[in-house]
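Inside the fold
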Amino acid sequence: MTGNTEWWRTAVIYQIYPRSFADANGDGMGDLAGITSRLPALEQLGIDAIWLSPFYTSPQRDAGYDVADYCDIDPLFGTLADFDVMLTQAHDLGIRVIVDLVPNHTSSEHPWFQAALAAGPGSEERGRYMFREGKGDNGELPPNNWESVFGGGAWTRVTEADGTPGQWYLHLFDTTQPDLDWDNPWVREQFRDILSFWLDRGVDGFRVDVAHGMIKAAGLPDYFPPVEGGSMGGGSATLEPAISTEPPAPAPYWAQDGVHDIYRDWRELLNTYPGDRILAAEAWVDPLSQVAKWVRPDEMHQAFNFAYLETPWNAAALHSVIDASLEAFGAVGAPSTWVLSNHDVVRHASRLALTAENLQGHGIGPKTPGLPDPVVGLRRARAATSLMLALPGSSYLYQGEELGLPEVIDLPDDARQDPTWFRTNHERYGRDGCRVPIPWEANSPSYGFGPSEQSWLPQPTEWADLARDVQIGDPNSTLELYTLALKLRREHNLALGAVEWLDGYGADVAAFRNGDVIVIANTGTEPVDLPGGDILLSSEPLDGRVLPGDTTVWLAA
Ligand code: NOJ
């Protein structure tokens, strides 16, 4: 929080994945009381806000992104009273709290969907979801060719009350996540109430899940070429054009113009509340000029910068994605955001050293080609984060990256829980490897995740060495690197600064000045001579004034 600026323009927002952050009751599943107990550690790290992935009532078929009651807490995570305690304590520590809103779909166990199943074709209740008749002589074929992001078809046929095969419903994700019909005013009304419920409780904002998917093209046309279903829902099925300039033709279920009316309406609602409450879009759309539509002045405040996340560790690519981001978001008066990891992607301490293409959401496992060298991966991750935290705007961190956690590659097959793993017949490993409960104390059960040995995904034994209590106070640890970067970022006002590129360091180096700090990132292998200026931060220990490969420094300008 700097000066009089709205906090979200400069904030470092730390993503908590409640299942895996801290477990207060020892059942192996993280919970709200666990989060509360660890808030002081986050204050010490120096973040401005937390974003919590879903903790709502849910059958947990997609780790809580399948919501059965938007206004209550799943008993796995605690109670509304636990939420209030967590919120108050976060606020007391000066930490804002953003919650996850999942409006594209509900759980199939949500009472609205159960009522829709019971009420039958043509009913008001079915009109809240995307029910359609099938094709073929007996309606035995799905209404169109859309595929689920998690693999397999995007339609499931129901059995009607009389036992006959009936209509089909759309689910862009798992079968247990039916899409709502956002053309229906009743649905819009319900979500206004849900937003108000959490705003009244005092939350500082919402991260909006699948914010590019809520409106589908009229008539639900087939999509050609058929999507691979591989990306987390970008306009294209591959990672390819992270910073392309031409928008690819959007799939009929992504990035339809109608979504923007929804966010204008929500913005008006947020504006009626005191304080700066925010909306942050999860919109896997490209290029960045399209993403910027989500953050026009009367819509959302922030949108995740997935083009940045998808950029390889390469100076030229970083230079262009940073320019493209600042230009696209700047053009609509929004801050750029930056992000390297979240609960859907391979952790960047592994991803940046992958040697083969890996589509978002596919994950990595023992049989993945081109598995990362962990030493190279961590080194690049430290350098990449040091670069990111020097950029103007708002940055997102994902729990555990401050400890340098890698992706867990060798989870036993029977421990995996991501629907992607099941829907692709184990062809895609999915996202469990970035969701393993994080280590706090080397010598405690479950490495301090909770008071028992239990943890819903098994933790690697090597994680003892990465526990927070081992790293704290060690100047070479990743935790201390993050803590220092966040402190300097604040002290030098980098989040409100500007990027001024510096030439002359060679093709493998990205170098810029931001205010009174010079940032030099060497993405290659050849050492580079450093100019004068006190060394404020270095992602690796330096030997003299030479910057080795895969290292970033901050110098006093
Ligand atoms: C994006 C979320 O981040 C992901 O975890 C979830 O599976 C899908 N949306 C569906 O809600």
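Residues numbered from 1 in each chain as written. Predicted model: local features only at pLDDT ≥ 70, side-chain atom pairs only at ≥ 80, totals over all residues. Heavy atoms only, no water.

This paragraph deals with the site of the ligand. What surrounds the ligand is a group of 13 residues, the closest being Asp62, Asp209, His343, Asp344 and Arg431. Between Asp344 and the ligand, the recorded distance is 2.5 Å, taken from a side-chain N or O atom to an oxygen atom. One of the side-chain nitrogen or oxygen atoms of Arg431 is found 2.9 Å away from an oxygen atom of the ligand. Look at the ligand: alone it shows 300 Å² of surface, and the protein chains cover 100% of it. (Near = heavy atom within 4 Å. Polar contact = N/O pair within 3.5 Å; in protein donor to acceptor, adjacent residues only side chain to side chain. Areas by Shrake-Rupley, 256 points an atom, 1.4 Å probe, with all protein chains shown as cover.)

Where burial is concerned, most of strand β20 (residues 551–556) is hidden: five out of the six residues are buried. In this structure, strand β16 (residues 517–522) lies alongside β20, joined through six bridges in antiparallel fashion. By the bridge assignment for β20, Ile518 is matched with Leu555. Pairing geometry for strand β18 (residues 535–538) and β20, over three bridges, is antiparallel. The partner of Ile535 across the bridge, within β20, is Leu555. (Buried < 20%, exposed > 50% of the residue type's maximum accessible area, 1.4 Å probe, protein only. Helix = DSSP H or I, 4+ residues; strand = E, 2+ residues; numbered from the N terminus. Pairing = 2+ DSSP bridges.)

One open sheet accounts for five strands, arranged β14-β15-β16-β20-β18; its pairing is antiparallel. Every interior strand has two partners, whereas the edge strands, β14 (500–501) and β18, have only one. Running over the sheet, helix α10 (residues 374–388) touches β15 (509–514), β16, β18 and β20 and is turned about 35° from β20. Set on the sheet, helix α13 (residues 478–491) makes contact with β18 and β20; between it and β18 the angle comes to about 140°. (Contact = heavy atoms within 4.5 Å. Axes fitted to C-alpha atoms, helices over the stretch in contact; angles between N-to-C directions.)

Take helix α4 (residues 185–201) next. Over its 17 residues, α4 runs 25 Å from end to end, which matches the ideal 24 Å to within 8%, given 1.5 Å per residue. Restricting attention to buried positions, one finds in α4 the residues Val187, Gln190, Phe191, Ile194, Leu195, Ser196, Trp198 and Leu199. One side-chain oxygen of the residue at the start of α4 lies 2.8 Å from the amide nitrogen of Trp186, identifying that residue as Asn184. Gly202 lies just past α4 and shows a positive phi near 110°. (Expected span 1.5 Å × (residues − 1).)

The next thing to look at is the packing of aromatic side chains. Per the counting criterion, the structure on display carries 31 aromatic pairs. Geometrically, the ring pair formed by Trp284 and Phe306 is stacked, given 3.7 Å between the ring centres and 0° between the ring planes. With Trp284 in the loop between β10 (278–281) and α6 (288–291) and Phe306 in helix α7 (residues 306–309), this residue pair connects regions lying 22 residues apart in the sequence. For the pair formed by Trp284 and Phe306, the shared burial category is buried. On the basis of an interplanar angle of 15° and a centroid distance of 5.6 Å, the ring pair of Trp421 and Tyr429 is categorised as stacked. On the accessibility criterion, Trp421 (2% relative accessible area) is buried. Feature note: the residues Tyr70, Trp112, Trp182, Trp186, Phe191, Tyr263 and Trp266 constitute an aromatic cluster, connected by ring pairs. One Lys or Arg, Arg416, reaches over the ring of Trp421 and ends 5.4 Å from the middle of that ring. (Phe/Tyr/Trp six-rings, centres within 6.5 Å; stacked < 30°, edge-to-face > 60°. Lys NZ or Arg CZ within 6 Å of the ring centre and 35° of its normal.)

As for its placement among the helices and strands, Gly330 is situated in helix α8 (residues 315–331). Placed 33 residues apart in sequence, Gly330 and Pro297 show a C-alpha to C-alpha distance of 11 Å.

Okay, the side chain of His105 next. In this fold, His105 is placed in the loop between β5 (96–101) and α3 (111–119). Judged by relative accessible area, which is 1%, His105 ranks as buried. A distance of 3.0 Å separates polar atoms of two side chains, one belonging to His105 and the other to Asn104. When sequence neighbours within four positions are dropped, the list of residues in contact with His105 reads Tyr65, Tyr70, Phe173, Gln177, Pro178, Asp179, Leu180, Asp209 and Val210.

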